[in-house]
Amino acid sequence: MRKTTYALPLVLSLLSDAALAADPLKIQEKANGVLALMSYSILPDLASSSLQISASELDNPSIVMTQFGGGATMSKDFPLYLEGAAAYSRYDPRFVVTEGTETRRLPVKWTSVSATGGVGWDFPLSDEVVLRPIGNVALGYITSDANAARFLVSRLLDRDIEFLDNGHMTAAGLGGSLMLDWEQVRPEHEIDVELRYSYIHLQSVGGDEIVDGQADAETLSLWSRWRAPTGVVMLQRPLRYVLEFSLSEYLGDQRGVLGFDRLATFGVGFELDSSAYDVFITRTRLVLRHVVGDHVSGMSLGLAMSF
């Protein structure tokens, strides 16, 4: 995905001004921004599960986000719902320091990993519709590999920003979700539509003493999928075509952080059914998605499996 008009806002300018070393309040603002960025990864969301953003014409930093996850209800007789997701982010802010006529770029890179789990229960409203409250917990870790940046800052500006030198932050989050899920299964088609509201409060719980951040991740999303046979038989089962649509509205601190407030996806693909064989994987789905939002557009390829 390529972002072409907006500069990434102050979230990714963490400690870009060496004067922040003398102002812990500003450092905390930047730490809040980093957690706001992590908010995209900790909430299960199709639209932001795979993002790669850069705008070289504006000399902006780049960011890559990847999320893997899934969820399932155990059975109709025991409607316990379990979900989990793991995410990885890599972002590369470009800091510039100036001393007189000399300007240097600082190679500062940040890496974050996070995991989110959820436990819910299905309350049937009809044979095809359930209301699903979910309790969520999240854990994230952010670290910097900026030894070179620290050296340059100290040399050029006679400042020592410790957080740039292998700085790190651990964050934990608690929250919940409410989902309305409609599933219709027919021989000629399958329909799945989910309307979900999610909220998780993130709070730093460990890391450098000078950094104490918090952020609220809040998303309202609509997700839908249509599956129907193509008329082709593979592995003794019908090969299905898949159509998808999703819309995510970001309501929390992540809103506007990357220059957009919402994302929509349009997907088309195929699903291979292997349930006729004694294998662990029953279905494999490959979907090509087009992602659009405010000043954002791009393509992604998704692979999913059912067990």
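These numbers come from a predicted model, not from an experiment.

1. Remarks on the overall build of the protein
- Counting secondary structure elements, the protein contains two helices and 16 strands.
- Taken over 307 residues, the protein has a buried fraction of 43%.
- By sequence separation, contacts in the protein at least 24 residues apart represent 61% of the contacts at least 6 residues apart.
- Only carbon and sulfur atoms are counted for the fraction: they give 59% of the accessible area of the protein, which is about 15,100 Å².

2. Here's the deal with the pattern of salt bridges
- Here the structure, examined in full by the defined rule, presents 18 salt bridges.
- When the shortest N-O distance is used, the salt bridge between Arg289 and Glu244 registers 2.8 Å. Here Glu244 lies in strand 13 (residues 237-250) and Arg289 lies in strand 15 (residues 283-293), a separation of 45 residues in the sequence.
- Since its relative accessible area comes to 12%, Arg289 is described here as buried.
- Glu244 gets classed as buried once you look at its relative accessible area, which sits at 6%.
- The shortest N-O distance in the salt bridge between Arg255 and Glu249 comes to 2.9 Å.
- For Arg255, a relative accessible area of 33% puts it in the partly exposed group.

3. Here we look at the packing of aromatic side chains
- What the rule picks out here adds up to five aromatic pairs.
- Measuring from centroid to centroid gives 5.5 Å for Phe78 and Trp121, while their planes differ by 85 degrees, and the two rings are edge-to-face. Here the residue Phe78 occupies a position in the loop between strand 3 (62-73) and strand 4 (80-92), and Trp121 occupies one in strand 7 (residues 110-121), the gap between them amounting to 43 residues.
- Look at Phe78 and you get partly exposed, because its relative accessible area is 44%.
- The class of Trp121 is partly exposed, set by a relative accessible area of 34%.
- For the pair Tyr250 and Phe260, a centre-to-centre distance of 6.2 Å together with 55 degrees between the ring planes defines the contact as tilted. Highlighted residues: Tyr250 in strand 13 and Phe260 in the loop between strand 13 and strand 14 (262-273), separated in sequence by 10 residues.
- Using a relative accessible area of 1% as the deciding quantity, one classes Tyr250 as buried.
- Through a chain of ring-to-ring contacts, three or more aromatic side chains come together here, namely Tyr40, Tyr250 and Phe260.

4. Considerations on the nonpolar core
- By size, the foremost hydrophobic cluster in this structure holds 27 residues, and its most contacted members are Leu37, Tyr40, Ile42, Tyr91, Ile142, Leu258 and Phe260.
- The set of elements that each furnish at least two residues to this core consists of helix 1 (24-42), strand 3, strand 9 (129-144), strand 10 (168-185), strand 11 (190-207) and strand 12 (214-234).
- Ranked by the residues each element gives to this core, the list is headed by helix 1, at seven residues.

5. Topic: the environment of Glu183
- Within the fold, Glu183 resides in strand 10.
- Residues Glu183 and Asp127, spaced 56 residues apart in sequence, show a C-alpha to C-alpha distance of 8.9 Å.
- The contacts of Glu183, once residues within four sequence positions are left out, are Glu128, Ile191 and Asp192.

6. Re the side chain of Asn136
- Mapping Asn136 onto the fold places it in strand 9.
- In this structure the side chain of Asn136 is engaged in a polar contact, spanning 2.9 Å, whose partner is the side chain of Glu83.
- Of the polar contacts made by the side chain of Asn136, one reaches the side chain of Ser177; its length is 2.9 Å.
- Other than its neighbours up to four places away in sequence, Asn136 contacts Glu83, Thr116, Gly117, Gly118, Gly173, Leu174, Gly175, Gly176, Ser177, Arg196 and Ile200.

7. Observations concerning unusual backbone geometry
- Despite not being glycine, Leu235 shows a phi value in the positive range, around 55 degrees.
- Relative to the assigned elements, Leu235 resides in the loop between strand 12 and strand 13.
- Located in the positive-phi region is Gln236, a residue other than glycine, with phi close to 65 degrees.
- Mapping Gln236 onto the fold places it in the loop between strand 12 and strand 13.
- A residue is classified by how much of its surface remains accessible, and Gln236, at 55% relative accessible area, is exposed.

8. Quick notes on the environment of Val34
- By the secondary structure assignment, Val34 is in helix 1.
- Spatially, the C-alpha atom of Val34 lies 8.6 Å from that of Ile142, the residues being 108 residues apart in sequence.

9. Here we look at the side chain of Asp181
- By the element assignment, Asp181 lies in strand 10.
- Exposure remark for Asp181: the relative accessible area of 3% places this residue in the buried category.
- Among the polar contacts listed, one links the side chain of Asp181 to the side chain of Arg132, at a separation of 3.2 Å.

10. Examining the confidence of the model for the protein
- Of the residues in the protein, 69% have a pLDDT of 70 or more, and the chain-wide mean is 78.
- Here strand 1 (residues 2-3) stands out as the element of the protein with the lowest mean pLDDT, 32, in contrast to strand 8 (residues 123-124), whose mean of 97 is the highest.

Criteria and thresholds
- Residues numbered from 1 in each chain as written.
- Predicted model: local features only at pLDDT ≥ 70, side-chain atom pairs only at ≥ 80, totals over all residues.
- Heavy atoms only, no water.
- Helix = DSSP H or I, 4+ residues; strand = E, 2+ residues; numbered from the N terminus.
- Buried < 20%, exposed > 50% of the residue type's maximum accessible area, 1.4 Å probe, protein only.
- Contact = heavy atoms within 4.5 Å.
- Areas by Shrake-Rupley, 256 points an atom, 1.4 Å probe, with all protein chains shown as cover.
- Salt bridge = Lys/Arg side-chain N within 4 Å of Asp/Glu carboxyl O.
- Phe/Tyr/Trp six-rings, centres within 6.5 Å; stacked < 30°, edge-to-face > 60°.
- Core = buried A, V, L, I, M, F, W, Y, C linked by side-chain atoms within 4.5 Å.
- Polar contact = N/O pair within 3.5 Å; in protein donor to acceptor, adjacent residues only side chain to side chain.
- pLDDT = per-residue confidence, 0-100.

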